[in-house]
Amino acid sequence: KMTPATDTASPQLAPAFKSFWSDPVPLEGPINSAGAEDSPFITPDGNTFYFWFNGDETKDVTEQAKDPMTGIYRSKKVDGGTWQEPQRLFLQYFDKVGFDGAETVRGNMLWFASIRENNFRDIDMWTAELIAGRWVHWTNAGELLNEVYQIGELHVTEDGNEIYFDSQRDGGKGEKDIWVTRKVNGQWQAPENIEIVNTTGNEGWPFVSEDGNELWFTRGTPGPCIFRSLKVNGEWQLPEMVLFNLAGECTLDAAGNLYFVHHRWDGTLNRVTESDIYVCYKK
C-alpha cells in the first residue's frame, strides 16, 4: 500500500482555497485499505460514510463482479468521532449477479448504479429503501431515467426534486456532461445541460451542497481535478478548480468538510493501481 510519503502525485488544494480548507490527508480509520476505495458519499450530519470497494481494480469487470468483497460499504461514526469497521450493503440475492456502485443517499432512499438482470442498459440506476437498518425493495429507477434520459452518476438535491447527473446523451457539449432533471407534479422533466460548467471534455460525478448553492464536480483534464460552481441569483457561475492531482468524486457534509477519491498512479506500470478516500477539513 502506498502512503502519502511515497505518493509521487499527491492531491493538492488550489492556493485560492487554502484559507477555507486544510490540506488533503487520508481519511482516518479503517475505511482505506490496500484495495480501491471509490465513489464516496457522506450524510449531511457527517456520521455515516458510504463508499465502493474493489479489492483489485486491475481485473476486468467480469472478474470484479465475481469477487464477493466488491460492492458498496457503509461505515458509521460513534464515540465522538471514531469510524467503525465498514459493513457491506447487500442489494441483490446471493444467486444473482449484482455489480453495484456509484451510490448516493437522500433520506431513506439509496440510489446506486448496477449491472444486473432486468436493466434497460448495461448499467442502470436503481433505488433501495432503508427499513429497520436494511436496504430493501431494490427497484430499477425506470425506463424514463435510464433509457430515455440516460442518467449516469448522480446527486439528488435536499428537497428531492432535482437530480444532477452526468451523461453522454445527445445534445451535450463534448464527451460526458453534467445535466439536471427536475420533478414537476411527480414527473421528471426533460434534462437541461448545465452549459457553464461543461466543456468538450469530460465533466461528471456531480454533488450539490445542502443549501443548493454549490455544484461540485470532477473534470477529466488536467486530471482528474475537482471544480466548484457557485449559484448567484439563481444562475450557476463559471467553475473554479479546488483540488488537482488525481482527485475526483467529492462529497461534503453539512460542516463543509470535503471528502474525495485520490487515485494512486504507478509511473512504471503506467496505470492506476489503488485509490483511497482523502479529506480536506473545513477551517
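Quick caveat: nothing in here was measured; it's all calculated off a predicted structure.

Right, let's get into the sheet that holds strand E11 (residues 134–140). Overall, antiparallel pairing links the four strands, which are arranged E8-E9-E10-E11 in an open sheet. Each end of this open sheet is capped by a strand with a single partner; those strands are strand E8 (99–106) and E11. Strand after strand, the sheet turns through a mean of 30 degrees between neighbouring axes, direction not considered. With six bridges joining them, strand E9 (residues 109–115) and strand E10 (residues 124–131) adopt antiparallel strand pairing. Directly across from tryptophan 111, in E10, lies its bridge partner threonine 127.

Structurally, the position occupied by asparagine 146 is in helix H2 (residues 143–148). Considering only alpha carbons, one finds asparagine 146 and methionine 125, 21 residues apart in sequence, at a separation of 6.6 Å. Apart from residues no more than four positions distant in its own chain, asparagine 146 is found in contact with Phe120, Arg121, Asp124, Met125, Asn140, Ala141 and Ile151.

The next thing to look at is the environment of arginine 219. Here arginine 219 lies in strand E18 (residues 214–219). Sequence spacing of arginine 219 and asparagine 202 is 17 residues, and the spatial spacing of their C-alpha atoms is 5.7 Å. Ignoring anything within four residues of it in the chain, the contact list for arginine 219 reads Val197, Thr199, Asn202, Glu203, Pro224, Cys225, Phe227 and Pro239. A distance of 2.8 Å separates a polar side-chain atom of arginine 219 from the backbone oxygen of valine 197. Within polar-contact distance, the side chain of arginine 219 engages the side chain of glutamate 203 at 2.9 Å.

The subject of this paragraph is the pattern of salt bridges. Taken as a whole and assessed by the stated rule, the structure comprises ten salt bridges. Salt-bridge contacts for aspartate 100 lead to arginine 116; the nearest nitrogen and oxygen are separated by 3.1 Å. Here arginine 116 lies in the loop between E9 and E10 and aspartate 100 lies in strand E8, a separation of 16 residues in the sequence. Judged by relative accessible area, which is 8%, arginine 116 ranks as buried. A salt bridge links arginine 182 to glutamate 162, with the nearest nitrogen and oxygen atoms 2.7 Å apart. In this pair, arginine 182 is assigned in strand E14 (residues 177–184) and glutamate 162 in strand E13 (residues 162–167), connecting sequence segments 20 residues apart. Overlapping salt bridges, with partners in common, bring together Glu162, Arg182 and Glu192 in one network.

Moving on, we get to the nonpolar core. Core analysis: the biggest nonpolar cluster contains 29 residues, and Leu91, Leu110, Trp135, Trp216, Leu243, Leu258 and Phe260 have the highest contact counts within it. For this core, the elements supplying multiple residues, two or more each, are strand E4 (48–54), E8, E9, E10, strand E21 (240–244), strand E22 (247–252), strand E23 (258–266) and strand E24 (271–280). Ranked by residue count, the leading element in this core is E22, at three residues. Dropping the residues within four chain positions of it, leucine 258 is found in contact with Trp21, Trp216, Val242, Leu243, Cys250, Thr251, Leu252, Tyr278, Val279 and Cys280. Core analysis: the second largest hydrophobic core is formed by 13 residues, Ala102, Leu154, Val156 and Phe165 among them.

This next bit is on the packing of aromatic side chains. Under the defined criterion, the tally for this structure stands at 16 aromatic pairs. Ring centres of phenylalanine 49 and phenylalanine 51 lie 6.3 Å apart, and the angle between their planes is 40 degrees; this geometry places the pair in the tilted category. Per residue, the accessibility class of phenylalanine 49 equals that of phenylalanine 51, and both read buried. With a centroid separation of 5.8 Å and an interplanar angle of 20 degrees, the aromatic rings of phenylalanine 51 and tyrosine 73 are classed as stacked. Placement of the pair is phenylalanine 51 in strand E4 and tyrosine 73 in strand E5 (residues 71–78), with a sequence separation of 22 residues. The exposure classification of phenylalanine 51 matches that of tyrosine 73, with both residues buried. One aromatic cluster is present, built from ring pairs that chain together Phe49, Phe51, Phe53, Tyr73, Trp83 and Tyr259. The aromatic ring of tryptophan 126 is capped on one face by arginine 116, whose charged end is 4.7 Å from the ring centroid.

Note on placement: lysine 76 falls in strand E5. The exposure class of lysine 76 is partly exposed, given its relative accessible area of 41%. When the C-alpha atoms of lysine 76 and tyrosine 50 are compared, they prove to be 8.9 Å apart, with 26 residues separating the residues in sequence. The residues touching lysine 76, leaving out its near neighbours within four places in the chain, are Asn47, Thr48, Thr82, Trp83 and Gln84.

Rules behind the numbers
- All residue numbers refer to position in the chain's written sequence, counted from 1.
- In keeping with the model being predicted, local features are shown solely for residues with a pLDDT of at least 70 and side-chain atom pairs are shown and tallied solely at 80 or more, while totals for entire chains, interfaces and linings include all residues.
- With hydrogens and water set aside, each side-chain value is computed from the structure's full complement of heavy atoms.
- At least two bridges found by DSSP between two strands is the condition for calling them paired.
- Where helices and strands are cited, they refer to DSSP runs of H or I of at least four residues and of E of at least two residues respectively, numbered from the N terminus.
- Orientation is described by lines fitted to C-alpha atoms, with helices fitted over the stretch in contact, and by angles between N-to-C directions that extend from 0 to 180 degrees.
- Whether two residues touch is decided by their heavy atoms; if any such pair falls within 4.5 Å, the residues are in contact.
- Polar contacts, as used here, are pairs of N or O atoms within 3.5 Å; protein pairs need one atom able to donate a hydrogen and one able to accept it. Residues neighboring in sequence count only if both atoms are side-chain atoms.
- Each salt bridge in this description consists of a side-chain nitrogen of Lys or Arg and a carboxyl oxygen of Asp or Glu lying within 4 Å of one another.
- Categorising residues by exposure relies on relative accessible area from a 1.4 Å probe, with only protein chains included: less than 20% of the type maximum marks a residue as buried, more than 50% marks it as exposed, and the intermediate range marks it as partly exposed.
- As used here, the term nonpolar core means buried Ala, Val, Leu, Ile, Met, Phe, Trp, Tyr and Cys residues forming a set that is joined through side-chain atoms within 4.5 Å.
- Stacked, edge-to-face and tilted labels apply to pairs of Phe, Tyr and Trp rings (six-membered ring for Trp) whose centres lie within 6.5 Å, assigned for plane angles under 30 degrees, over 60, and everything in between, in that order.
- Whether a charge sits over a ring depends on NZ of Lys or CZ of Arg being within 6 Å of the ring centre and within 35 degrees of the ring normal.

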